[in-house]
Amino acid sequence: MKNINLIFIALLMSSSVATFGQYNQFNETNNTNTIENDNNFSIMLSDVLVRRVSLEYEHVLADGRMSFNVPVSITLSPFGDLWSDEVHWWVGMGIKFYPTGQGVLRYFLGAEFRLISISENNYWSSYYNETESTTSKKYLNTAFLINNGLIYSPTTNFFVSANIGIGFLSRSRDSQNEMLVPYATPSFRIGFKF
């Protein structure tokens, strides 16, 4: 009886060692694949509608499942948004996760932090005195976004992407308006990989 138990344990151990060896061999061949173009540069075409020039640099890490990105935007002619703010510029830093890795069509999900320079306009009017006044103050606001998007690469050096970031905008504590407001940034981009 002891011999049968010993043989059974030896068979179990040998099958697990063989399985581990196959698993290790499969992973080693996948890890040797490298990404040819791990730097991406894109222009946000949708920001042209709001008179901004917006660019993004992204560096994809070696495994192809994660990247770091730095978006930058400059407003050419400020105009009031939903909260009576005029955005002058913003800069951000983010991280993207690619659950399916790199390829022709890929999905990403990631977090992004933005620092936003704005002018806040406040209007006062008095009906009895028939007076109106406007004040404008400059502030730095912050925003936190969760980005969702799809990237399509018809060639190895060119891509188009659609993205929507949803999160919150936190105003400067000196602001007279609401401190925390919802924030959404849809974008359509074209870019180059190098």
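Bear in mind the structure is a predicted one, so any value in this text is a computation, not a measurement.

Colleague: If you had to explain the pairing of strand S2 (residues 52-60) to someone new, which residues and values would you point to?
Modeller: The two faces of a sheet get side chains in turn, since along a regular strand they alternate between them. On S2, burial follows the alternation: Arg52, Ser54, Glu56, Glu58 and Val60 on one face are buried, whereas Val53, Leu55, Tyr57 and His59 on the facing-out side are not. In this sheet, S2 lies alongside strand S1 (residues 39-44) in antiparallel orientation, the contact comprising five bridges. Bridge assignment links phenylalanine 41 to a residue of S2, and that residue is tyrosine 57. Note: S2 against strand S3 (residues 66-75), nine bridges, orientation antiparallel.

Colleague: Explain a nonpolar patch on the surface to me, using residue names and the numbers behind them.
Modeller: Taken together, the side chains of Phe41, Ile43, Leu45, Val53, Leu55, Tyr57, Leu76, Phe188 and Phe194 present a nonpolar region at the surface, about 790 Å² in accessible area. Considering every element that reaches the nonpolar patch, the biggest residue donor is S2, with three residues. Along the chain, leucine 55 falls in strand S2. By relative accessible area, which is 32% here, leucine 55 ends up partly exposed.

Colleague: Hey, could you go over the environment of methionine 66 for me, with residue numbers and the actual values?
Modeller: If you trace the backbone, methionine 66 turns up in strand S3. Looking at methionine 66, the relative accessible area reads 22%, which means it is partly exposed. As a C-alpha pair, methionine 66 and glutamine 102 span 36 residues in sequence and 9.6 Å in three-dimensional space. When near neighbours in sequence (up to four residues on either side) are disregarded, methionine 66 contacts His59, Val60, Leu61, Ile95, Lys96, Phe97 and Tyr98.

Colleague: Go over the packing of aromatic side chains, please, and point to the residues and values.
Modeller: Tallying each qualifying case throughout the model produces two aromatic pairs. Looking at lysine 96, its charged tip hangs above the ring of phenylalanine 108, at a distance of 4.5 Å from the centre. Its guanidinium or amino end placed over the ring of tryptophan 90, arginine 114 lies 3.7 Å from that ring's centre, counting from NZ or CZ.

Colleague: Could you give me a rundown of the environment of leucine 145, with the residues and numbers involved?
Modeller: With respect to the secondary-structure elements, leucine 145 resides in strand S6 (residues 131-152). As a C-alpha pair, leucine 145 and alanine 111 span 34 residues in sequence and 5.7 Å in three-dimensional space. Setting aside anything within four residues of it in sequence, one finds leucine 145 in contact with Gly110, Ala111, Glu112, Arg114, Gly165, Ile166, Gly167, Tyr183 and Thr185.

Colleague: Which residues make up the pairing of strand S8 (residues 180-193), and what values go with them?
Modeller: Alignment of S1 against S8, held across five bridges, turns out to be antiparallel. Within S8, the position partnered with isoleucine 43 by the bridge is isoleucine 190. In this sheet, S8 lies alongside strand S7 (residues 158-170) in antiparallel orientation, the contact comprising 13 bridges. Bridge pairing links valine 160 to isoleucine 190 in S8.

Colleague: Mind laying out unusual backbone geometry, listing which residues take part and the relevant values?
Modeller: With phi around 60°, arginine 51 is a residue other than glycine that occupies positive phi space. Looking at the element boundaries, arginine 51 is found in the loop between S1 and S2.

Colleague: Help me get a handle on the pattern of salt bridges, residues and values and all.
Modeller: Evaluated as defined, the whole model comprises six salt bridges. A salt bridge links aspartate 47 to arginine 52; the nearest nitrogen and oxygen atoms lie 4.0 Å apart. For arginine 114, the salt bridge goes to glutamate 112, with nearest N and O atoms at 2.6 Å. Accessibility classification places arginine 114 together with glutamate 112 in one group, the buried group. Taken together, the salt bridges that share partners define one network made up of Glu56, Glu58, Lys96 and Arg189.

Colleague: Tell me what's going on with the nonpolar core, and back it up with residues and numbers.
Modeller: Counting eleven residues, the largest nonpolar core is built from Met44, Val87, Trp90, Ile116, Ile118, Tyr139, Ala143, Leu145, Leu169, Val181 and Tyr183. For this core, the leading source of residues is S6, giving three residues. If near-sequence neighbours (up to four positions away) are discounted, isoleucine 116 is found in contact with Val87, Trp89, Trp90, Tyr139, Leu140, Asn141, Ala143, Leu169 and Tyr183.

Analysis parameters
- Residues numbered from 1 in each chain as written.
- Predicted model: local features only at pLDDT ≥ 70, side-chain atom pairs only at ≥ 80, totals over all residues.
- Heavy atoms only, no water.
- Buried < 20%, exposed > 50% of the residue type's maximum accessible area, 1.4 Å probe, protein only.
- Helix = DSSP H or I, 4+ residues; strand = E, 2+ residues; numbered from the N terminus.
- Pairing = 2+ DSSP bridges.
- Patch = residues over 30% accessible without salt bridge, like charges linked within 9 Å, V, L, I, M, F, W, Y side chains within 5 Å.
- Areas by Shrake-Rupley, 256 points an atom, 1.4 Å probe, with all protein chains shown as cover.
- Salt bridge = Lys/Arg side-chain N within 4 Å of Asp/Glu carboxyl O.
- Contact = heavy atoms within 4.5 Å.
- Phe/Tyr/Trp six-rings, centres within 6.5 Å; stacked < 30°, edge-to-face > 60°.
- Lys NZ or Arg CZ within 6 Å of the ring centre and 35° of its normal.
- Core = buried A, V, L, I, M, F, W, Y, C linked by side-chain atoms within 4.5 Å.

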